[in-house]
Amino acid sequence: MRSFSWGMGSSAYQTKDAWDQDGEGPSSWDNFTHGRKGQVLGGDTADSACDSYYKLQEDIALLKELQVSHYQFSLSWPRLLPTGIRAEQVNKNEIKFYSDFIDALLRSNITPIVTLYHWELPQMLQVTYGGWQNVSMTGYFRDYADLCFEVFGDRVKHWLTFSDPRTMVEKVYETGLHTPGLRLQGTGLYMAAHHIIKAHAQAWHSYNNTWRSKQHGLVGISLDCDWGEPMDIHNPDDLEAAERYLQFCLGWFANPIYAGDYPQVMKDHIGTKSAKQGLEMSRLPTFSLQEKSYLKGTSDFLGLGHFTTRYITQRKYPSHQGPSYQNDRDLIELVDPNWPEIGSPWLYSVPWGFRRLLNFAQTQYGDPLIYVTESGAPQNLHCTQFCDEWRIQYLKGYINEMLKAIKDGVDIKGYTSRSLLDKFEWEKYGFYYIEFNVRNKPRYPKASVQYYKEIITANGFPNSQEVESWRLKALETCSINNQMLATEPLLRRMHVPSEIVVPTVCVLSILIAALLLTLLLRSHS
């Protein structure tokens, strides 16, 4: 465990700011949030988010305060390549921006773990090619990845090609909740995933063939999945449904990368339903023999994200209901009403599911090297801003189950908690609260900052008595910070009049002096 890496994570669009500065091209998210008010809570955009674009040194200071070993962040494709195409334009300003940031992290002994794609597509690629529905995206992504390897790979040794592509394709092409808001049910998400898997493989091969011998880094992918527990462990149908849930979630992307093809259960279910719906071919695309060989083994480590658990029971959906990802799985998800709800109607704290998912991944994919790339709890709106005890309990439960999985023999090398800052997004996961209504957007540590710092320092949990003292010590900070935040409006009311009055008095003084001087000159004449 001494070599274990504790870290914090973020993504480019949610923290980026300066959306039209320094030659950046528009992203699909810029287009989506500017054109569809109400898609995001409060009608927000990321035009002005955390000011991280201007406050990199301050953010690094927060990471140093936490004593993390690594920082997992994503690059912005439209920042580096404004049109998305390397042959057309490379933005040297943004190469320097990211290069300086990576250097600053390394000077602070913080390892950069860099994600190439966290859901932010150059808008020109969406308009011109239809985004991930078009196979040409694989080549453009490879060129983008190759640029990043070339300019940053001498210092970046851990790369993630994609972050949680399953959720992305579902929300983009199935439900339409994310940009560009398409509802191509039962078809669009499978085609997009097919191209993303190929794009990942092309990026991996590019690194393996050109850069690995010089840079000695690792390239993987980050896949998120909740644990699926059979509702009745004695019911064969529920056991099959829970396995199917995991294959449609994690196996959808992991199986092609580790075994060369989609899980058999996905091919069977989607193929059967497609035939009953009168289609000549399955809605799930197929890989050629050459592609299967090309895909297999294209991961140096598995990035695994996890948040919660569901009970799974079988439910047959008639094919005539029409194609959809949900119907293809033939199951329903349930929750135990006794599970603690954490800040969101979909997220329940079920720590034991984390250990089971980690063991499943180890068994399923041949004992891969695993980095936990995403885990965390959002803001609970019913609690005060800084006293995030529910997040402390979540950290304690989930990290403890991860440590048990390590004792089980799972090869886990690092843990990334989400996220450093509250930011532009639907739910606030930040360890640091940002006062967005204040011009300089000050950061305030929540109680979880102190608690996570203690875990990192101890490299785990020493004993229950000491761990309880961590909790009490962490919660002491929240009342202080709440008091500080409460005084901010008063200070601003005191400050704003001074900003108005002082300049006004100066102007009036000048006018009066000028008037007196005029009268004096007239009297002399």
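Our subject is the structure listed above.
First, a word on scope: everything that follows refers to the structure included in this document. From a predicted model like this one, the values you see are computed outputs, not experimental measurements.

This part takes up the packing of helix 8 (residues 165-173) against helix 9 (residues 188-215). Orientation of helix 8 relative to helix 9, taken along the N-to-C sense of each, is 140°, at an axis distance of 8 Å. What the angle tells us is that helix 8 and helix 9 run oblique. Like other packed secondary-structure pairs, helix 8 and helix 9 cross with a definite hand, here right-handed. Contact residues: Pro165, Met168, Val169, Glu170 and Tyr173 in helix 8; Gly188, Leu189, Ala192, Ala193 and Ile196 in helix 9. Its residues assigned to classes, the contact of helix 8 with helix 9 shows 8 nonpolar, 1 polar and 1 charged.

Read from one edge of the open sheet, 3 strands run 6-8-9, paired in mixed fashion. Each having just a single partner strand, strand 6 (227-230) and strand 9 (331-334) make up the two edges of the open sheet. Each neighbouring strand pair of the sheet contributes to a mean axis angle of 40°, computed without reference to strand direction. Here strand 6 runs beside strand 8 (residues 309-314); their pairing, made up of 4 bridges, is parallel. By the bridge assignment, Pro230 is partnered in strand 8 with Ile312. Contacting strand 6 and strand 8, helix 14 (residues 351-364) crosses the sheet at an angle of about 100° to strand 6.

Looking now at helix 14. Its 14 residues place the ends of helix 14 21 Å apart at the C-alpha level, agreeing with the 20 Å of an ideal helix rising 1.5 Å per residue. Within helix 14 the residues assigned to the buried category are Gly353, Phe354, Leu357, Leu358, Phe360, Ala361 and Gln362. Gly366 sits one or two positions beyond helix 14 and adopts a positive phi of about 75°.

Conventions adopted
- Numbers given for residues are sequential positions, taken from 1 along each chain in its written order.
- pLDDT decides what is reported in this predicted model: residues at 70 or higher carry local features, side-chain atom pairs at 80 or more are listed and counted, and totals for whole chains, interfaces and linings draw on all residues regardless.
- Heavy atoms from the whole structure form the basis of all side-chain values; hydrogens and water molecules are not counted.
- Interaxial angle, 0 to 180 degrees, is taken between N-to-C directions of lines fitted to C-alpha atoms, where a helix line uses only the stretch in contact.
- Strands are runs of DSSP state E lasting at least 2 residues, helices are runs of H or I lasting at least 4, and numbering of each runs from the N terminus.
- Angular relationships are summarised with four words: roughly parallel below 35 degrees, roughly antiparallel beyond 145, roughly perpendicular across 65 to 115, and oblique for the angles in between.
- For a crossing to be left-handed, the near helix must be turned anticlockwise from the far one by less than a right angle; the clockwise case is right-handed.
- Working rule for contacts: check all heavy atoms of both residues, and any pair within 4.5 Å makes them a contact.
- Each residue is assigned to one of three groups, with Ala, Val, Leu, Ile, Met, Phe, Trp, Tyr, Cys and Pro labelled nonpolar, Asp, Glu, Lys and Arg labelled charged, and all others, Gly among them, labelled polar.
- Pairing between two strands requires that DSSP report at least two bridges joining them.
- One less than the number of residues in a helix, times 1.5 Å, gives the span that helix is expected to have.
- Exposure classes here rest on a 1.4 Å probe applied to the protein chains alone. A residue is buried below 20% of its type maximum, exposed above 50%, and partly exposed in between.

Spatial relationships are all this shows, so hold off on functional conclusions.
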